[in-house]
2 protein chains.
Amino acid sequence: MKHLKTLRCIEDVASSGSIRKSAEQLSLTASALTRKIQDFETELGTPIFERMPQGMRLNAAGELVLRHIRAQLSDFERLRSQIADLSGVRRGHVTVAVSQAFAHGLIPKEIASYRARHPLVSFSVLVRDHVHAVRAVAAFEADVALVITPPPAPEFEPLLVIHQPLCALMSKDHPLAKAETVRFRDCLQYPIAMPGPSLAIRHHLQSALVRASLPVNTVVESDSFEVLRSYTGGEQVISFQIRAGIPQDNSNLVAREIDHRDMPPTQLVLGQLRGRSLSVAASKFVDQISGSLHSQYGVRSA
Amino acid sequence: MKHLKTLRCIEDVASSGSIRKSAEQLSLTASALTRKIQDFETELGTPIFERMPQGMRLNAAGELVLRHIRAQLSDFERLRSQIADLSGVRRGHVTVAVSQAFAHGLIPKEIASYRARHPLVSFSVLVRDHVHAVRAVAAFEADVALVITPPPAPEFEPLLVIHQPLCALMSKDHPLAKAETVRFRDCLQYPIAMPGPSLAIRHHLQSALVRASLPVNTVVESDSFEVLRSYTGGEQVISFQIRAGIPQDNSNLVAREIDHRDMPPTQLVLGQLRGRSLSVAASKFVDQISGSLHSQYGVRSA
DNA sequence: CGCCGTGTTGCAATATGAGCAACACCACCG
DNA sequence: CGGTGGTGTTGCTCATATTGCAACACGGCG
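Rules behind the numbers
Residues numbered from 1 in each chain as written. Chains lettered and ligands numbered in written order. Predicted model: local features only at pLDDT ≥ 70, side-chain atom pairs only at ≥ 80, totals over all residues. Heavy atoms only, no water. Helix = DSSP H or I, 4+ residues; strand = E, 2+ residues; numbered from the N terminus. Expected span 1.5 Å × (residues − 1). Buried < 20%, exposed > 50% of the residue type's maximum accessible area, 1.4 Å probe, protein only. Arc of directions from axis to C-beta. Contact = heavy atoms within 4.5 Å. Disulfide = S-S within 2.5 Å. Near = heavy atom within 4 Å. Polar contact = N/O pair within 3.5 Å; in protein donor to acceptor, adjacent residues only side chain to side chain. Nonpolar A, V, L, I, M, F, W, Y, C, P; charged D, E, K, R; others polar. Domains from an automatic or database assignment. Buried area = accessible area lost by both parts, 1.4 Å probe. Salt bridge = Lys/Arg side-chain N within 4 Å of Asp/Glu carboxyl O. Pairing = 2+ DSSP bridges. Axes fitted to C-alpha atoms, helices over the stretch in contact; angles between N-to-C directions. UniProt positions renumbered as here; feature names shortened; annotations may be inferred. Least-squares fit on C-alpha atoms with pLDDT ≥ 70 in both.

The name given to chain A in an unreviewed UniProt entry is LysR family transcriptional regulator, with the source organism recorded as Devosia pacifica.

Undergrad: Looking at this model, I keep getting lost on helix α5 (residues 106-117) of chain A. Mind explaining?
TA: Residue and element names in this part refer to chain A. Taking 1.5 Å per residue as the helical rise, α5 with its 12 residues ought to reach 16 Å, and the 17 Å between its terminal C-alpha atoms agrees with that figure. Regarding α5, the residues found buried are L106, I107, E110, I111 and Y114. One side of α5 carries all its buried residues, which in axial view fall inside an arc of 120 degrees. Contacts made by the buried residues of α5 are with β3 (92-98), β4 (121-127), β5 (144-148) and α10 (280-297).

Undergrad: How do you make sense of the state of the cysteines when you look at a structure like this?
TA: Note: disulfide means a covalent bond formed between the sulfur atoms of two cysteine side chains. Scanning the model with the defined rule gives 0 disulfides over all chains in all. Counting only cysteine sulfurs, C187 of chain B is the nearest neighbor of C167 of chain B, a cysteine outside any disulfide, at a range of 10 Å.

Undergrad: What exactly am I supposed to notice about the environment of Y114 of chain A here?
TA: Residues and elements named next belong to chain A. Of note, Y114 is situated in helix α5. Judged by its relative accessible area of 1%, Y114 is buried. Considering only alpha carbons, one finds Y114 and D259, 145 residues apart in sequence, at a separation of 34 Å. The contacts of Y114, once residues within four sequence positions are left out, are R90, V121, F123, A281, K284, F285 and Q288.

Undergrad: Before we go on, may I ask you to explain the protein's contact with DNA strand C in this structure?
TA: Around DNA strand C, a shell composed of 19 residues is seen, among which I19, R20, T34 and R51 of chain A together with T29 of chain B lie nearest. Sugar and phosphate atoms form 58% of the subset of DNA strand C atoms that lie within 4 Å of the protein. At 2.5 Å from a phosphate oxygen of DNA strand C is found a side-chain nitrogen or oxygen belonging to T34 of chain A. Separating a phosphate oxygen of DNA strand C from a side-chain N or O atom of Q38 of chain A is a distance of 2.9 Å. Elements with a minimum of two residues in the surface near DNA strand C: α2 (19-25), α3 (30-44) and β2 (55-58) of chain A together with α3 (30-44) of chain B. Partitioning the surface near DNA strand C into residue classes produces 6 nonpolar, 7 polar and 6 charged.

Undergrad: It is not clear to me how the domain arrangement of chain A should be interpreted in this structure. Could you clarify?
TA: Frequently, the measure chosen for interface size is the accessible area that the parts lose on association. Residue and element names in this part refer to chain A. The domains assigned to chain A are domain 1 (2-67), domain 2 (90-161 + 267-300) and domain 3 (166-264). On a C-alpha basis, the centres of domain 2 and domain 3 stand 25 Å from each other. On the side of domain 3, 19 residues touch domain 2, which itself brings 12 residues to the contact. Taken together, both faces of the contact between domain 2 and domain 3 bury some 1200 Å²; the carbon and sulfur share is 60%.

Undergrad: Got a minute to help me understand the pattern of salt bridges in this structure?
TA: Opposite charge on two side chains allows them to pair when their charged atoms are near. Considering all chains together, one arrives at 18 salt bridges over all chains under this definition. In this structure, D85 of chain A engages R90 of chain A in a salt bridge whose closest nitrogen and oxygen atoms are separated by 2.9 Å. In this structure, the salt-bridge partner of R202 of chain B is E221 of chain B, at a minimum N-O distance of 3.2 Å. Taken as a pair, R202 of chain B in helix α8 (residues 200-212) and E221 of chain B in strand β10 (residues 218-222) lie far apart in primary sequence, 19 residues in all.

Undergrad: How do you make sense of the protein's contact with DNA strand D when you look at a structure like this?
TA: As a structural note, the neighbourhood of DNA strand D is formed by 19 residues, with I19, R20, T34, R35 and R51 of chain B the closest of them. Backbone atoms, meaning sugar and phosphate, make up 56% of the atoms of DNA strand D lying within 4 Å of the protein. Between DNA strand D and the protein, one listed contact pairs a phosphate oxygen with a backbone N or O atom of T29 of chain A at 2.9 Å. Between R35 of chain A and DNA strand D, the recorded distance is 2.9 Å, taken from a side-chain N or O atom to a base oxygen. Contributions of two or more residues to the surface near DNA strand D are made by α3 of chain A together with α2 (19-25), α3 and β2 (55-58) of chain B.

Undergrad: What is the right way to read the sheet that holds β3 of chain A from this model?
TA: To summarise the sheet geometry, strands pair through backbone hydrogen bonds and adopt either a parallel or an antiparallel arrangement. Residue and element names in this part refer to chain A. Strand order across the open sheet formed by 5 strands is β4-β3-β5-β13-β6, with mixed pairing between neighbours. With partners counted over all chains shown, the strands left at the sheet margins are β4 and β6 (156-164), one partner each. On average, adjacent strands in this sheet sit at an angle of 20 degrees to one another, irrespective of strand direction. Where β3 meets β5, 3 bridges bridge the pair, whose relative direction is parallel. Looking across to β5, one finds that A97 is bridged to A145. Running at roughly 165 degrees to β5, helix α6 (residues 130-138) makes contact with β3, β4, β5, β6 and β13 (266-273) of the sheet.

Undergrad: Explain the UniProt feature "domain: HTH lysR-type" (unreviewed entry) in chain A to me, please; I cannot follow it from the model alone.
TA: Here the UniProt-annotated "domain: HTH lysR-type" (unreviewed entry) positions come out as residues 1-59 of chain A. When the span residues 1-59 of chain A is considered, its composition is 58% helix and 14% strand, and the gap between its end C-alpha atoms is 26 Å.

Undergrad: Please explain the relation of the copies chain A and chain B as it appears in this structure.
TA: Screw-axis analysis of chain A against chain B gives a translation of 0.2 Å along the axis, an RMSD of 0.3 Å, and a rotation angle of 180 degrees. Interpreted geometrically, this transformation is the action of a two-fold axis. Of all interface residues in chain A, 100% are interface residues in chain B too; the two copies therefore contact each other through one and the same surface.

Laid out in structure tokens, this is it:
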């Protein structure tokens, strides 16, 4: 759009840190870009960039401006989405930041189900740990985030909170697979495929370990649930995952809830940036996920 | 600002309903304006105006666009205000919509106190009944509203709620002035200067009258508290006002709380448009009023 | 010092936008 | 029925703003 052109330029320069680089990306010349920014600064009455020999860096006012620009652009997208919705066809783009736990089953399934009804809506899925997922939402990079125990942040507004037990993941023929639920200390009798420290589940395990003060035999540690899953399929090890992240396909893995006395339930949170309204597409996607999670796991929701 | 020019044009045309009228206001020609709007509609991919023989009217998409434009303009003001605040000087403009009850003492006093600290902040005060005050906030015409018992509206977000007793207003030498509090039925023994039906207080009185099922001798009715005050100063009549609207100057009027058994407390609400953030200036003004009301009447606040 | 990186400026080419006048349409009214 | 005054729109012309090119100024670095 015409009236957002300058804003896009500023955003680009701010993120690339160089007028010449941005000029190329925007297919403009450096001189045109320089003048756009100068004009904007004149209109605003304040410089928003510091000119360094290494390039351009935003100053304090510039940070505010950038935040404003991001909001404007995202608002405009929402407007387009709302307008498209008027004519019956849902159109738009939804960016979700999700914890890795959902990358396997839940999110792809939800997106497929949504797109079956609204094929003109496209999706971006950012897989991030809980800290970066919340940060992505705050930086307007994602519309919503679905994460486990997000760090408390004032700008993150939970839309749905569900409490889920942590599960122990093991092969079908594992001795512990016989019972419906397992005790944490029994799991620790076996070698463990441990989620990496960037994963939220790790923190839960860590505090449970501290409480239980039991030794743990970690044979594999990985930031990737995919790795942990594959490995758990091979050796007689135990790994961990929340209920909603359990693979549904016909693998030879089974999940057993860990007794709630040993492990408090994890918090599964779907949230957005506080004080912002979502595009129609995003909003309806949130509704769908909420409904779907509620109907599957709703008995323990809060 | 340059990039908001088109948006301002659209807003103006939407509110005037005529390209030619707007062209004059904006010191443009009708043709230029027409093309601006056509270009915008082309970029957007949808018409936003219905062309009638009587002029231009927004269609459904246009209503969304207008809402968006208002938000953009108001956001930009906030940005300027935040930037000005960076350099230490607070600058900006605050528009408040207030019930008439506060037009006399509270609001002018608060503004004066604020401007003593921040002389570069200017104010607009819209005096509106509760319905229109809330509407003004929703239409981005006012940043905040201070009203009595606002109608429930989802887009109006209360920031502060204080419960205040209704007072009977009378001259110093009135027989009822001897006691600290008065009973409602005693007030009705005297002629009444009655607030008009557009005033929120009237509704309170009305329901109390229905409960008490007592006859009332209304000798003057007015939409203006100023009229009611002046008249109450002359004849031995009773009028009504909430505590925060009682004139503090050295008139010969006194206020006596009505016994709470006869009259439930009124709600005094300071609120803003839900989901929007205020400019620094407005936000600090809200803080000041909150503090001031709390310290004066805070014992009964909720 | 010479080189390469940065952003900036002068000037000419160009695209964008504005104004004017004429047009098409509709409502109203004699 | 046809005029009259209102609406928005369009073709054309011209001013203005925006762009690109090339040259410049400054700072870091070898």
